[in-house]
Amino acid sequence: MDIDSPFEIGGHKLKNRFFLGTGKFKSKKEMTECIRSAEIEVVTVSMRRVDVEEHSENILHFIPEETILMVNTSGARNAEEAVRIARLAREAAGVKWIKIEVIDDSKYLLPHNEETVKAVRILADEGFVVLPYMYPDLYAAREMEKAGAAAIMPLGSLIGSGEGLKAKRFIEILIEESSLPIIVDAGIGVPSQAAEAMEMGASAVLANTAVALAEDPKIATMAFSMAVRAGRMAYLGNMSKALGSASPSSPLTGFLFEK
Amino acid sequence: MDIDSPFEIGGHKLKNRFFLGTGKFKSKKEMTECIRSAEIEVVTVSMRRVDVEEHSENILHFIPEETILMVNTSGARNAEEAVRIARLAREAAGVKWIKIEVIDDSKYLLPHNEETVKAVRILADEGFVVLPYMYPDLYAAREMEKAGAAAIMPLGSLIGSGEGLKAKRFIEILIEESSLPIIVDAGIGVPSQAAEAMEMGASAVLANTAVALAEDPKIATMAFSMAVRAGRMAYLGNMSKALGSASPSSPLTGFLFEK
Amino acid sequence: MDIDSPFEIGGHKLKNRFFLGTGKFKSKKEMTECIRSAEIEVVTVSMRRVDVEEHSENILHFIPEETILMVNTSGARNAEEAVRIARLAREAAGVKWIKIEVIDDSKYLLPHNEETVKAVRILADEGFVVLPYMYPDLYAAREMEKAGAAAIMPLGSLIGSGEGLKAKRFIEILIEESSLPIIVDAGIGVPSQAAEAMEMGASAVLANTAVALAEDPKIATMAFSMAVRAGRMAYLGNMSKALGSASPSSPLTGFLFEK
Amino acid sequence: MDIDSPFEIGGHKLKNRFFLGTGKFKSKKEMTECIRSAEIEVVTVSMRRVDVEEHSENILHFIPEETILMVNTSGARNAEEAVRIARLAREAAGVKWIKIEVIDDSKYLLPHNEETVKAVRILADEGFVVLPYMYPDLYAAREMEKAGAAAIMPLGSLIGSGEGLKAKRFIEILIEESSLPIIVDAGIGVPSQAAEAMEMGASAVLANTAVALAEDPKIATMAFSMAVRAGRMAYLGNMSKALGSASPSSPLTGFLFEK
Amino acid sequence: MEIFLNGKGKKLNDDIKNLEQCVDALPGNNEGVIVELNGKIIKYGERESILLKDGDKIELIQFMGGG
Amino acid sequence: MEIFLNGKGKKLNDDIKNLEQCVDALPGNNEGVIVELNGKIIKYGERESILLKDGDKIELIQFMGGG
Amino acid sequence: MEIFLNGKGKKLNDDIKNLEQCVDALPGNNEGVIVELNGKIIKYGERESILLKDGDKIELIQFMGGG
Amino acid sequence: MEIFLNGKGKKLNDDIKNLEQCVDALPGNNEGVIVELNGKIIKYGERESILLKDGDKIELIQFMGGG
């Protein structure tokens, strides 16, 4: 059993199965420390309009060069906008990895699978490595795969909610049925939830809010990295089978004080 | 925040918060490797009648000398038998740490709190470091404390069931109310459950069946150790607060394509 | 508070919020008794090829005339097939209510939302009362509504699994966001699960397997009807708020034996 | 299958398996209506010091004569106080049924099993029909039985919390192992939770806060009564077996449009 | 004449000329059965007037229990 | 005479001699009230025959709603 | 000349003729900023050669933290 | 001489007189074994000095894996 067996996305062999989002950090320096100390291999960033009245540092300078930059299309409400953001990212910094995130619901922030599939198709054709953030629907996952997705990123629960794996039963189905890597994204609030996702057989987990808003983001990053790794080991070792009945760990027969 | 802050039991400062049971291993050598590779600090062993027809190695030779030996009273059906086992252990090997385990129910293998309290009282008076395995009842926990317990070990769920934290709501209460270290013991089947226990504020977790029967016990030990550590970090950093509503991790306002 | 306030679908005012499927019953007579004794107002039936070698009774003779007949398109793998079945049903028996069920996955039997929307659009245009069975995706629900659905029927969990409300968090969102009646369909195995769906604010619940395969289907029908009604009352009375902390039901102050 | 088969406590055959507490009602008249309309057979009341400055109606006048009056020992912190309350109740109104409730924890309001057993023993000997409210511990349940309890009343979760069956796994064990009727008491906040308790095989359910504080207590009483009855039917009909995998309710083979 | 009935080839007796005769000739009670001929739904009243020809594809459909 | 009534000291009028008089003198409807005198339950019928003395501890208890 | 910069009207000084001058004239460090002109992405090297005209719509975009 | 060893009757050879001889005579490695004689724990150093007699109840206990 090789607990460090990498998985491949877009030609890259990835060892660290914890991906980190870069939003909401108190400081960019803190973010850099998180990435470095836990040897994060993939980070997400987003794009927005420049605030023309104010100086703002380029976040890319704070991301180690060897780290894979995945740009999300956060803010896009349809496929067209997502495609536009992806192309901007490519022009701006040669970005190849795109997390497609199309949201047209301002309350629950749920991903729009149908528009997402369209964007996957266009961007995969243009040579991007495309990872759609999606609602865990089996048929949509199949469409993502046909459209050229490099991996799929189903939500665990609502973005930023910390509710964990509310969609567990349906992510299990994706893991069983899809040949793509499954990266659980959104809703992961504590390390045990990340471990649980990995125990189910997810290929990786992405978190952001839970780390960036933690009292100590560096420790939170380490905690998630370790939990993801622990869950991976459990999956590889087939540990996830509850017996549901009592069974002694010490021998009860032939013991001392028989009457 | 010192993520390595030790906790103290019986005058020992413990850093590794994952305790390992030694039952059911395929080989003693494998058990030794688990202890060594994960730097386990506390292990449990039990006692039984010698099989007079057959050679059997002394398990103590396979436990590194620096490891704390905690003898459980497995097989005891009342306080008297538990006390007898503890004294045998002391005579046989100078054992000081006793996990009191009194079970008088052969189907669910539930611990008998009332008898357990009696044994705690007697053995604490005799100078043992006493850790009662117990059903998570607040009043019983108070009695254990008064009787001189060094820590309390509530069950997560039925022994060997792998069902995780079925008693979660009640262990939370023990953690909040007791001044003793709480070590969750029994029912922990996968690393995510161990992490969850630590996130609640448990001081440590003990597992045995899930490790010993894993395909690769050494990897399982590492997985649990990491998950326990990850959960501890989350607890120290106050990470366990689900928001229950969606909240964006990327900025949604002021974005690109306003209409 | 009018606990019997009906809800309207396709111009019918419905009082009984428990819908019954007619598959898998041991006898047609038993099915009739279930419908009659619980005053079921809506039943589903399906269509299939006649077995030309064998006599088979017409199931419609066993369904009371006042009962609304909803034909499901079970067996359809795409919109076209679903439409064809609906038209056959109309020609054969003047059926107006169609439960669209498009499944293209023989293992998990999950509904295919995209094809389902297409069938809804066509059949609503042709004047059918269309109730799509669907995977609980907010955007798909919006599409169903725009396409002319009369109500939407999200799955609670996998068909026939009895696992209850595995999709609970997402059905809650549909209930909050959609202006259509929500009828939870599939996966409801015991009355408590049906009550829970109603407590969330579902308009109705449909079950089949759990009733038809029960030891006594008539009693099972009654049990579901009562549970649905109980859950409805709880919803109307805003009963669903867990406090999460202890609070005495008897007065503890000023009591007898103050010291 | 006789869905109305009564169960017996203290020589009374009880048909209505929903017991009602009388605390916290906005008016005594409302309470009376709840009891009458749902034909409640057992109600609990408590005792307290008279407020000597103020007129206060005798609650017993508002409880229909045929209703069984069970006096709880709420306020008692040990066995002695519980016994004293029971005797007062007998002297005051010839009360025979006592719900022993000994609580020595003002935060979680958990029942004290050990003191409760003592009170059971004394009062059962004095001829009371004794129903101990208890923490669901198998050994304590055995003690209650030996001490002469007529039924046992384990908590579902913390009093007044509405959290439902947090102790589910352990109540299941009591149901399987005890020969006494099991009445789930405390923590039941909505009808689905009451149904779930009955589906597990509980003999009855008691609620108070969830009814008395409901917007319309009369409807809440009816809702609980129906849910309890529905859960009972499911239990009698062995309905509680989740399959955990998909299984079609309509025939999928031999269908229409084979290719 | 040979037709396809519910997907299987079937030889018809020479005295069966129209759709109604074909349906009536089947064993079992065919009340409540709806007919598709070559993919087209046939109204009940039109069965007698539709003459069959070699190679026709007939589907006979009925209601049954379903969830 | 001064007694303790439900935990608080209380001066009684001189014309109150026995337990029944004491209970009756209270405001409110005392029907359904049970009396403990110095920790001993007093039967309803015995109240009149029990004379009070200085320092007696009287508890008046009644039923009320509870779960 | 008046253009639209990130959705808002803005008057440019007369000495600003091309896109590069326009970007450079902004306060703050504009390194890492990408430009869309009238909905078309402009390559970095082409900024200088593109002359602005009245009513042009310029979007300036940059990377930022996101999940 | 006949004794009870771990609950079963056992005949000892005549040359076995004391507890130490008895333990040593068993097959297997008895290192790490602790002895109870008639319910009393025997210290390691005292085994040789304790003479056995007919009907003695000996329990031999050892450590083993447990959770």
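Overview of the structure.

Parameters and conventions
- Residues numbered from 1 in each chain as written.
- Chains lettered and ligands numbered in written order.
- Predicted model: local features only at pLDDT ≥ 70, side-chain atom pairs only at ≥ 80, totals over all residues.
- Heavy atoms only, no water.
- Helix = DSSP H or I, 4+ residues; strand = E, 2+ residues; numbered from the N terminus.
- Rg over C-alpha atoms; globule rule 2.2 N^0.38 Å.
- Buried < 20%, exposed > 50% of the residue type's maximum accessible area, 1.4 Å probe, protein only.
- Contact = heavy atoms within 4.5 Å.
- Areas by Shrake-Rupley, 256 points an atom, 1.4 Å probe, with all protein chains shown as cover.
- Lys, Arg positive; Asp, Glu negative; His and termini not counted.
- Charge placed at Lys NZ, Arg CZ, Asp CG, Glu CD.
- Buried area = accessible area lost by both parts, 1.4 Å probe.
- Nonpolar A, V, L, I, M, F, W, Y, C, P; charged D, E, K, R; others polar.
- Least-squares fit on C-alpha atoms with pLDDT ≥ 70 in both.
- Polar contact = N/O pair within 3.5 Å; in protein donor to acceptor, adjacent residues only side chain to side chain.
- Phe/Tyr/Trp six-rings, centres within 6.5 Å; stacked < 30°, edge-to-face > 60°.
- Salt bridge = Lys/Arg side-chain N within 4 Å of Asp/Glu carboxyl O.
- Axes fitted to C-alpha atoms, helices over the stretch in contact; angles between N-to-C directions.
- Left-handed = near helix turned anticlockwise from the far one by under 90°.
- Parallel < 35°, antiparallel > 145°, perpendicular 65-115°, else oblique.
- Pairing = 2+ DSSP bridges.

1. Thoughts on the overall build of chain E
Check the secondary structure of chain E and you find one helix and five strands. Put simply, chain E runs from its N terminus to its C terminus through helices and strands in the order β-β-α-β-β-β. The C-alpha atoms of chain E give a radius of gyration of 12 Å, which matches the 11 Å a tight globule of 67 residues would have. Taken across its 67 residues, chain E has 46% of its residues classed as buried. Pairs at least 24 residues apart make up 55% of the contacts formed inside chain E by residues separated by at least 6 positions.

2. Notes on the overall build of chain A
Per the secondary structure count, chain A includes eight helices and 10 strands. The proportion of buried residues among the 259 residues of chain A is 66%. In chain A, the proportion of contacts linking residues at least 24 apart, taken out of those at least 6 apart, comes to 66%. Carbon and sulfur atoms make up 46% of the accessible area of chain A, which amounts to about 9,000 Å² in all. Across chain A, the mean location of the 29 positive side-chain charges is 1 Å away from that of the 36 negative side-chain charges.

3. Quick look at the interface of chain A and chain B
On the chain B side, the residues contacting the 71 residues of chain A number 71 residues. For the chain A and chain B pair, buried surface summed over both sides reaches about 5,900 Å², with 64% attributable to carbon and sulfur atoms. Those elements that place two or more of their residues in the side of chain A that touches chain B are strand E4 (42-49), helix H2 (79-93), helix H6 (191-199), helix H7 (209-212) and helix H8 (217-236) of chain A. Top contributing element to the side of chain A that touches chain B by residue count: H8 of chain A, with 12 residues. Across the side of chain A that touches chain B, the residue classes tally to 35 nonpolar, 21 polar and 15 charged.

4. Notes on the relation of the copies chain A and chain B
Rotating chain A by 180 degrees and moving it 0.0 Å along the rotation axis overlays it on chain B with an RMSD of 0.0 Å. Read as a symmetry element, the transformation amounts to a two-fold axis.

5. Focus on the environment of Ile85 of chain B
Considering the arrangement of structural elements, one finds Ile85 of chain B in helix H2 (residues 79-93). Along the backbone, Ile85 of chain B and Ser74 of chain B are 11 residues apart, and their C-alpha atoms lie at a distance of 8.7 Å.

6. Section: helix H6 (residues 191-200) of chain B
Because an α-helix packs 3.6 residues into every turn, residues spaced three or four apart end up facing the same way. The buried count for H6 of chain B comes to nine of 10 residues, which makes it a mostly enclosed element. Along H6 of chain B, the positions that sit buried rather than exposed are Pro191, Ser192, Gln193, Ala194, Ala195, Ala197, Met198, Glu199 and Met200 of chain B. On its buried side, H6 of chain B packs onto H6 and H8 of chain A together with helix H5 (168-177), strand E9 (183-185), strand E10 (204-207) and helix H8 (217-236) of chain B. A positive phi of about 115 degrees marks Gly201 of chain B, the residue just after H6 of chain B.

7. Topic: helix H4 (residues 138-147) of chain C
All names here are of chain C. Those residues of H4 lying buried are Leu138, Tyr139, Ala140, Ala141, Met144 and Ala147. Structurally, H4 contributes buried residues whose contacts are with helix H3 (113-125), strand E7 (129-134) and helix H5 (168-177). A distance of 2.9 Å separates the backbone nitrogen of Tyr139 from a side-chain oxygen at the start of H4, and that oxygen is part of Asp137. Positive phi appears at Gly148, one or two residues downstream of H4, with a value of about 105 degrees.

8. Section: the packing of aromatic side chains
Following the criterion strictly, the structure yields 14 aromatic pairs over all chains and no others. Arranged with centres 5.3 Å apart and planes meeting at 80 degrees, the rings of Phe170 of chain A and Tyr135 of chain C form a pair that is edge-to-face. With Phe170 of chain A in helix H5 (residues 168-177) and Tyr135 of chain C in the loop between E7 and H4, this residue pair bridges two chains. You can call Phe170 of chain A buried: its relative accessible area is 3%.

9. A few points about the pattern of salt bridges
For the structure shown, the criterion picks out 72 salt bridges over all chains. Residues Glu196 of chain C and Lys168 of chain C are paired through a salt bridge, measuring 2.8 Å at the closest nitrogen-oxygen approach. Pair noted here: Glu196 of chain C is in helix H6 (residues 191-200) and Lys168 of chain C is in helix H5, with a separation of 28 residues, a long-range link. Linked by salt bridges that have partners in common, Arg87, Arg90 and Glu126 of chain A make up one network.

10. Here's the deal with unusual backbone geometry
Even without glycine at this site, Ala186 of chain B takes up a positive phi of about 90 degrees. Its location among the elements puts Ala186 of chain B in the loop between E9 and H6. Look at Asn6 of chain F: it is not a glycine, yet its phi comes out positive at around 45 degrees. Summarising the element assignment, Asn6 of chain F is placed in the loop between strand E1 (2-5) and strand E2 (8-11).

11. As for the packing of helix H2 (residues 79-93) of chain D against helix H3 (residues 113-125) of chain D
Residues and elements named next belong to chain D. With their axes 8 Å apart at the nearest point, H2 and H3 run at an angle of 40 degrees to one another. For the pair H2 and H3, the crossing hand works out as right-handed. Here H2 contributes Ala79, Ala82, Val83, Ala86 and Arg87 to the contact with H3, which in turn contributes Glu115, Lys118, Ala119, Ile122 and Leu123. Considering only residue class, the contact of H2 with H3 consists of seven nonpolar, no polar and three charged.

12. With respect to the environment of Phe19 of chain D
Residues and elements named next belong to chain D. Counting through the fold element by element, Phe19 comes out in strand E3 (residues 18-21). On the basis of relative accessibility, which here comes to 0%, the residue Phe19 falls in the buried class. Apart from residues lying up to four places away in sequence, Phe19 is in contact with Phe7, Leu14, Val42, Met70, Ile183, Ala204, Val205, Leu206 and Ala207.

13. A look at the packing of H6 of chain A against H6 of chain B
The interhelical angle for the contact between H6 of chain A and H6 of chain B, taken along N-to-C directions, is 175 degrees, at an axis separation of 8 Å. As judged from the angle between their axes, H6 of chain A and H6 of chain B are roughly antiparallel. Here Pro191, Ser192, Ala195, Glu196 and Glu199 of chain A of H6 of chain A lie close against H6 of chain B, whose contacting residues are Pro191, Ser192, Ala195, Glu196 and Glu199 of chain B. For the contact of H6 of chain A with H6 of chain B, the per-class residue count stands at four nonpolar, two polar and four charged.

14. Thoughts on the side chain of Thr221 of chain A
All names here are of chain A. Along the chain, the position of Thr221 falls in helix H8. Within polar-contact distance, the side chain of Thr221 engages the backbone oxygen of Pro217 at 2.7 Å. Setting aside residues up to four positions removed in sequence, Thr221 forms contacts with Phe18, Cys34, Ala38, Ile40 and Val211.

15. Quick look at the pairing of strand E2 (residues 8-11) of chain H
All names here are of chain H. Where strand E1 (residues 2-5) and E2 come together, four bridges link them in antiparallel fashion. Note that in E2 the partner of Leu5 across the bridge is Lys8. Taking the residues that link successive antiparallel strands as the turn, the E1-E2 hairpin has two residues, and the phi of Asn6 there is positive, at about 45 degrees.

16. What to know about the environment of Ile103 of chain C
Residue and element names in this part refer to chain C. With respect to the helices and strands, Ile103 occurs in the loop between strand E6 (97-100) and H3. A relative accessible area of 13% places Ile103 in the buried class. Sequence separation between Ile103 and Ala76 is 27 residues, and the spatial gap between their C-alpha atoms is 6.4 Å.

17. A look at the pairing of strand E5 (residues 57-65) of chain F
Residue and element names in this part refer to chain F. Most of E5 sits inside the fold, with eight of its nine residues counted as buried. By the bridge criterion, two bridges tie E1 to E5 in an arrangement that is parallel. The residue of E5 that forms the bridge with Leu5 is Ile58. Of the pairings in the sheet, the one linking strand E3 (residues 34-37) to E5 comprises four bridges and is antiparallel in character. Residue pairing across strands places Leu37 opposite Ile58, the latter belonging to E5.

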